[in-house]
Amino acid sequence: RSRDYLSAAGVVFSGGTPMTVELRPLGVHCNLACQYCYQNTQRAAGNLRAQYDMDRMKQALAEEGREFSLFGGEALLVPEEDLEDLWSWGLEKFGSNSVQTNGTLITPRHIELFRKYNVSVGISIDGPGELNDIRWAGSIAATREATQKTEDAIAALCKAGIPPGLIVTLHRYNATADKLPRLLEWFHSLEALGVRSIRLHILEVDDPAVRESCTLSDEENIAAFLYFFRAAHEFHSVKFDVYQSIRALLLGREQEVSCIWRACDPYTTAGVSGIEGHGERSNCGQASKEGIDFIKSEFAGYERYLALYHTPQTDHGCSGCRFFLICKGQCPGNSTDGDWRNRSEHCAVWMALFEYCEQELIAEGKSPVSLSAQRQLMEQQLLRYWESGNNTTMEGLIADLSAQSSGQ
């Protein structure tokens, strides 16, 4: 197969444009000490920086050629004058900006800058009050004060017409059976404020102590996610990202979902291109299990996915799974035993959620890809792409099969 043919079929090449460009002027520096943060391995390894070079960062961003998201650590530790410089430049170059923050440092001045420079805001918070205690600020009092600042910032942003998207990680502090009703009530209050997007995260675990104290069991994770899946129909405007993504995947709409479902190579992370404080290229931080910011590889490899397809499930593979086409072993950052070659350690959770949404779609009269008569043909076609060092989407596979059946 030639690259011209593959390009015509809508392939995402290893050197293609990434889905997200993350600018990290201060690396993983943060004003909080969240117990479960996937960047803690980088902090423990001493990979911290306190300086950055604006010109080099802008040069690297210009070479990427697309909108960037200001990231951290905590992105708003960057002084306001430099934030304005970056966002003014970003608006002129790309027409918009974005930032991911824990929300504790947002001031009225930041909100002015958000409005002036068309900055969309993402906030990480795991619930109100004590439900957010895992996002530690040094003491219970300081943590609760920081949480209140984030809640106040959410309200202020909504009032200013800039409703943030939220990332909520589920764990023992906020998503055991006794806490789920309060979290759901909070979600309803957020919808009343104007929040429209909530992304539910499964807890990524890199530390045995965190696993012991914070992690939900598979059964508890399944119960928590299904609690919100069933409640999704109660909301008029809020969308729960993982619920919408699984339904889209089951319907063959892969281009609508995030990188965790799209056969990510941990040494190129095509879904994320990181730019550090002096213009260095790096990968998604979820792949930095050794605490090292590896330089982005020039070419992607799909060995993980070829191996998972053929490896028995008893050996941490995916052989025979009818959901492999849509899941692909999930994000390598959540692989069993921290080894990116294995499938996700949360396989049982994802399997249960796929099965739930599969049955829901069937009841709606829709046809999930997982039960399609063409599923195995699509899998074989996808393997051929990976063997040639390329990737594609389910939309691309469907187009391939359609072209083949019509003799083109």
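The structure this text deals with has already been given above.
What this report covers is the structure whose coordinates are included nearby. (Residues numbered from 1 in each chain as written. Predicted model: local features only at pLDDT ≥ 70, side-chain atom pairs only at ≥ 80, totals over all residues. Heavy atoms only, no water.)

**Looking at the overall build of the protein**
When helices and strands are counted, the protein shows 15 helices and 9 strands. Here the C-alpha radius of gyration of the protein, 21 Å, is about what a compact globule of 408 residues would show, namely 22 Å. With the C-alpha coordinates of the protein rotated into their principal frame, the extents come out at 60 × 50 × 40 Å. Residue burial in the protein is summarised as follows: out of 408 residues, 53% are buried. In the protein, the share of contacts with a sequence separation of at least 24, taken over all contacts with a separation of at least 6, comes to 72%. Counting only carbon and sulfur atoms, one obtains 50% of the accessible surface of the protein, whose full area is about 17,500 Å². Put simply, the protein has 38 plus and 54 minus side-chain charges, and the middle of one group is 3 Å from the middle of the other. (Helix = DSSP H or I, 4+ residues; strand = E, 2+ residues; numbered from the N terminus. Rg over C-alpha atoms; globule rule 2.2 N^0.38 Å. Buried < 20%, exposed > 50% of the residue type's maximum accessible area, 1.4 Å probe, protein only. Contact = heavy atoms within 4.5 Å. Areas by Shrake-Rupley, 256 points an atom, 1.4 Å probe, with all protein chains shown as cover. Lys, Arg positive; Asp, Glu negative; His and termini not counted. Charge placed at Lys NZ, Arg CZ, Asp CG, Glu CD.)

**As for the pattern of salt bridges**
For the coordinates displayed, the defined rule picks out 24 salt bridges. Salt-bridge contacts for Glu22 lead to Arg24; the nearest nitrogen and oxygen are separated by 2.7 Å. With respect to class, Glu22 is no different from Arg24; both count as buried. Each of Glu84, Arg109, Glu112 and Lys116 takes part in one network of salt bridges that share partners. (Salt bridge = Lys/Arg side-chain N within 4 Å of Asp/Glu carboxyl O.)

**Describing the pairing of strand β4 (residues 119–124)**
Along any regular strand, the residues point their side chains to alternate faces of the sheet. With 5 of its 6 residues buried, β4 lies for the most part within the structure. Of the pairings in the sheet, the one linking strand β3 (residues 97–101) to β4 comprises 5 bridges and is parallel in character. Opposite Val99, over in β4, you have Val121 as the bridge partner. In the classification by handedness, the crossover that spans β3, the intervening helix α5 (residues 108–116) and the parallel β4 is right-handed. In this sheet, strand β5 (residues 165–170) lies alongside β4 in parallel orientation, the contact comprising 3 bridges. Bridge pairing in β5 places Ser124 opposite Ile167. (Pairing = 2+ DSSP bridges. Right-handed = clockwise from strand over helix to strand, strands pointing away.)

**Quick notes on the nonpolar core**
Membership of the largest hydrophobic core comes to 99 residues, with the highest contact counts inside it found for Trp87, Phe114, Leu170, Phe187, Ile198, Leu200 and Ile246. Judged by nonpolar contacts, the second largest core, of 6 residues, contains Tyr36, Ile134, Leu203 and Cys214. (Core = buried A, V, L, I, M, F, W, Y, C linked by side-chain atoms within 4.5 Å.)

**Notes on the state of the cysteines**
Simply put, the disulfide is a covalent bond whose two ends are the sulfur atoms of two cysteines. Within this structure, the stated rule accounts for 0 disulfides. Of all cysteine sulfurs in the structure, the one in Cys327 sits closest to Cys318, which takes part in no disulfide; the separation is 6.4 Å. With no disulfide of its own, Cys331 lies 6.3 Å from the sulfur of Cys264, the closest cysteine sulfur. Taking relative accessible area as the criterion, Cys331 reaches 9% and is therefore assigned buried. (Disulfide = S-S within 2.5 Å.)

**Focus: the packing of aromatic side chains**
Using the criterion set out here, one finds 22 aromatic pairs in the structure. Aromatic pair Phe68 and Phe94: ring centres 6.5 Å apart, planes at 85°, arrangement edge-to-face. One end of the pair, Phe68, is in the loop between α3 (54–64) and β2 (69–70); the other, Phe94, is in helix α4 (residues 80–94), and 26 residues separate them in sequence. Of the residues examined, Phe68 reaches a relative accessible area of 1% and is grouped as buried. We classify Phe94 as partly exposed; its relative accessible area is 23%. Here the aromatic cluster, defined as three or more aromatic residues joined through ring pairs, consists of Phe225, Phe229, Tyr243, Trp261, Phe323, Trp350, Phe354 and Tyr356. (Phe/Tyr/Trp six-rings, centres within 6.5 Å; stacked < 30°, edge-to-face > 60°.)

**Focus: the side chain of Glu74**
For Glu74, the position within the fold is in the loop between β2 and α4. Of the side chains with opposite charge, Arg135 comes closest to the buried, unpaired Glu74, at an N-O distance of 6.7 Å. Within the local environment of Glu74, its side chain forms a polar contact with the backbone nitrogen of Leu76, the two atoms lying 2.9 Å apart. Looking at Glu74, its side chain comes within polar contact range of the side chain of Thr101, at 2.8 Å. Setting aside its immediate chain neighbours within four residues, Glu74 contacts His29, Cys30, Asn31, Thr101, Asn102, Gly103 and Leu105. (Polar contact = N/O pair within 3.5 Å; in protein donor to acceptor, adjacent residues only side chain to side chain.)

**What about the packing of helix α10 (residues 241–250) against helix α13 (residues 347–363)?**
Two elements in contact, α10 and α13, have axes separated by 10 Å at closest approach and are oriented at 65°. It follows that α10 is roughly perpendicular to α13 by the angle criterion. Judged by the sense of rotation from one axis to the other, the crossing of α10 with α13 is right-handed. When α10 is examined against α13, the residues Val242, Tyr243, Ile246, Arg247 and Leu250 are found in contact with a partner set consisting of Trp350, Leu353, Phe354, Cys357, Glu358, Glu360 and Leu361. (Axes fitted to C-alpha atoms, helices over the stretch in contact; angles between N-to-C directions. Parallel < 35°, antiparallel > 145°, perpendicular 65-115°, else oblique. Left-handed = near helix turned anticlockwise from the far one by under 90°.)

**Comments concerning the sheet that holds β4**
Strand order in the open sheet formed by 9 strands is β7-β6-β5-β4-β3-β2-β1-β8-β9, and the pairing between neighbours is mixed. In this open sheet, the two edge strands, each paired with only one partner strand, are β7 (239–240) and β9 (281–282). Relative to the sheet, helix α7 (residues 180–193) contacts β5, β6 (197–202) and β7, its axis offset from that of β5 by approximately 175°.

**Description of the packing of α7 against helix α9 (residues 218–231)**
Two numbers describe how α7 lies on α9: the axes approach to 11 Å, and their chain directions differ by 35°. The handedness of the crossing between α7 and α9 comes out as right-handed. Of α9, the residues touching α7 (which contributes Leu180, Pro181, Leu183, Leu184 and Phe187) are Ala223, Ala224, Tyr227, Phe228 and Ala231.

**Considering unusual backbone geometry**
In this structure, Gly73 follows Gly72 across a cis peptide bond, with omega equal to 15°. Checked against the element boundaries, Gly73 lands in the loop between β2 and α4. Non-glycine residue Lys328 carries a positive phi angle of around 60°. Within the secondary structure, Lys328 is located in the loop between α12 (324–327) and α13.

It is worth stressing that arrangement in space is one thing and function is another; only the former is reported here.
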